[in-house]
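Structural overview for review
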Amino acid sequence: PGSFQLPSTSFPAVSTVGTSTRFEQAAFDAAVAENMWFNVTVPAGQTGDPTFRILWIPDTANSGDVVFGAAGQCAADLEGWMAALSATSTVTDTSTANGRLHIATITMTTPFTGCAVGERWRLNFERQGGAAGDTMAGDARVVQIMIDW
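So, here is what we can say about the structure in this document. (Residues numbered from 1 in each chain as written. Predicted model: local features only at pLDDT ≥ 70, side-chain atom pairs only at ≥ 80, totals over all residues. Heavy atoms only, no water.)

Once that is clear, we can look at the packing of aromatic side chains. How two aromatic rings sit relative to each other is set out by the distance from centre to centre and by the angle between their planes. Applying the stated rule across the entire model yields 4 aromatic pairs. On the numbers, 5.6 Å between centres and 85° between planes, the contact of phenylalanine 28 with phenylalanine 125 is edge-to-face. Of the two residues, phenylalanine 28 sits in strand S2 (residues 23-28) while phenylalanine 125 sits in strand S8 (residues 120-128), which places them 97 residues apart along the sequence. Phenylalanine 125 carries the same exposure label as phenylalanine 28, and that label is buried. Taken together, the ring pairs connect Phe28, Trp56, Phe68 and Phe125 into an aromatic cluster. Lying over the aromatic face of tryptophan 37, arginine 122 brings its terminal NZ or CZ to 3.9 Å of the ring centre. (Phe/Tyr/Trp six-rings, centres within 6.5 Å; stacked < 30°, edge-to-face > 60°. Helix = DSSP H or I, 4+ residues; strand = E, 2+ residues; numbered from the N terminus. Buried < 20%, exposed > 50% of the residue type's maximum accessible area, 1.4 Å probe, protein only. Lys NZ or Arg CZ within 6 Å of the ring centre and 35° of its normal.)

Structure below.
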């Protein structure tokens with residue numbers, strides 16, 4: 001998952017796995033909503049709403065749905081650091097094979113008012129474990145999140 005911050009409660013277990021090929025993963029639980037935070041600088045040339053591609057692996061389940069969500073907020077010099085987040089955009093992805101890479105995509109449907117090139121963008125990423133639509137029994141192990149504009 002790279003550079004991230006964990007909240008004081010309700011966060012995924014983060015670990016490094018593998019032997020010859022090693023990678024970090026964040027294991028999001030099925031029973032409760034868990035989240036993590038990322039700080040990103042809005043890149044030059046950004047237009048429109050950002051899209052997130054989530055690379056994840058089902059831990060033990062080979063069926064059921066997992067619901068991921070993302071929300072964000074921007075802050076420039078002298079703006080409020082802890083402003084309210086945008087509405088959460090979600091995606092539901094279906095687990096088809098235990099231990100196999102899955103790719104889910106979230107396009108943020110709420111534009112970020114005043115979010116300009118070079119500003120700090122704070123992203124809250126979550127699995128909505130325990131929600132009605134999240135039916136996959138095992139952990140969703142997120143190994144990468146890519147952001148495109």
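Take the side chain of arginine 120 next. Topologically, arginine 120 is positioned in strand S8. Here asparagine 39 takes part through its side chain, which lies 3.5 Å from a polar atom of the side chain of arginine 120. In this structure the side chain of arginine 120 is engaged in a polar contact, spanning 3.2 Å, whose partner is the side chain of glutamine 73. (Polar contact = N/O pair within 3.5 Å; in protein donor to acceptor, adjacent residues only side chain to side chain.)

Further remarks concern the pattern of salt bridges. Counted according to the given criterion, the structure contains 3 salt bridges. Its salt-bridge partner being arginine 127, residue aspartate 134 comes within 2.6 Å of it at the nearest N-O pair. The class of aspartate 134 is buried, set by a relative accessible area of 7%. (Salt bridge = Lys/Arg side-chain N within 4 Å of Asp/Glu carboxyl O.)

Taking strand neighbours across the sheet as the criterion, the 5 strands line up as S1-S2-S9-S4-S7 in an open arrangement whose pairing is antiparallel. The open sheet terminates on both sides in strands that have one partner only, identified here as strand S1 (13-17) and strand S7 (102-107). In this sheet, neighbouring strand axes are inclined to one another by 35° on average, regardless of whether the strands run parallel or antiparallel. Two elements, S2 and strand S9 (residues 140-148), share 3 bridges in a ladder whose sense is antiparallel. (Pairing = 2+ DSSP bridges. Axes fitted to C-alpha atoms, helices over the stretch in contact; angles between N-to-C directions.)

Our focus in this paragraph is the sheet that holds strand S3 (residues 33-41). An order of S3-S8-S5-S6 is seen for the 4 strands of this open sheet, with the pairing classed as antiparallel. Two strands close off the open sheet at either side, each with one partner strand: S3 and strand S6 (89-94). Going across the sheet, the axis of each strand differs from the next one's by a mean of 20°, ignoring polarity. Here S3 pairs with S8 via 9 bridges, running antiparallel. The residue of S8 that forms the bridge with asparagine 35 is glutamate 126.

Attention now goes to the nonpolar core. With 25 residues, the main nonpolar core has Phe52, Ile54, Trp56, Phe68, Ile106, Phe125 and Val142 as its most contacted residues. Among the secondary structure elements, those contributing two or more residues to this core are S2, S3, strand S4 (51-58), strand S5 (65-75), S7, S8 and S9. In terms of residues, this core owes the most to one element, S5, which gives 4 residues. Here phenylalanine 68 is in contact with Ile54, Trp56, Ser89, Thr90, Val91, Ala104, Ile106, Phe125, Glu126, Arg127, Ala140 and Val142, once residues within four sequence places are set aside. (Core = buried A, V, L, I, M, F, W, Y, C linked by side-chain atoms within 4.5 Å. Contact = heavy atoms within 4.5 Å.)

So, to be careful, I would describe these as geometric facts and stop short of saying anything about function.
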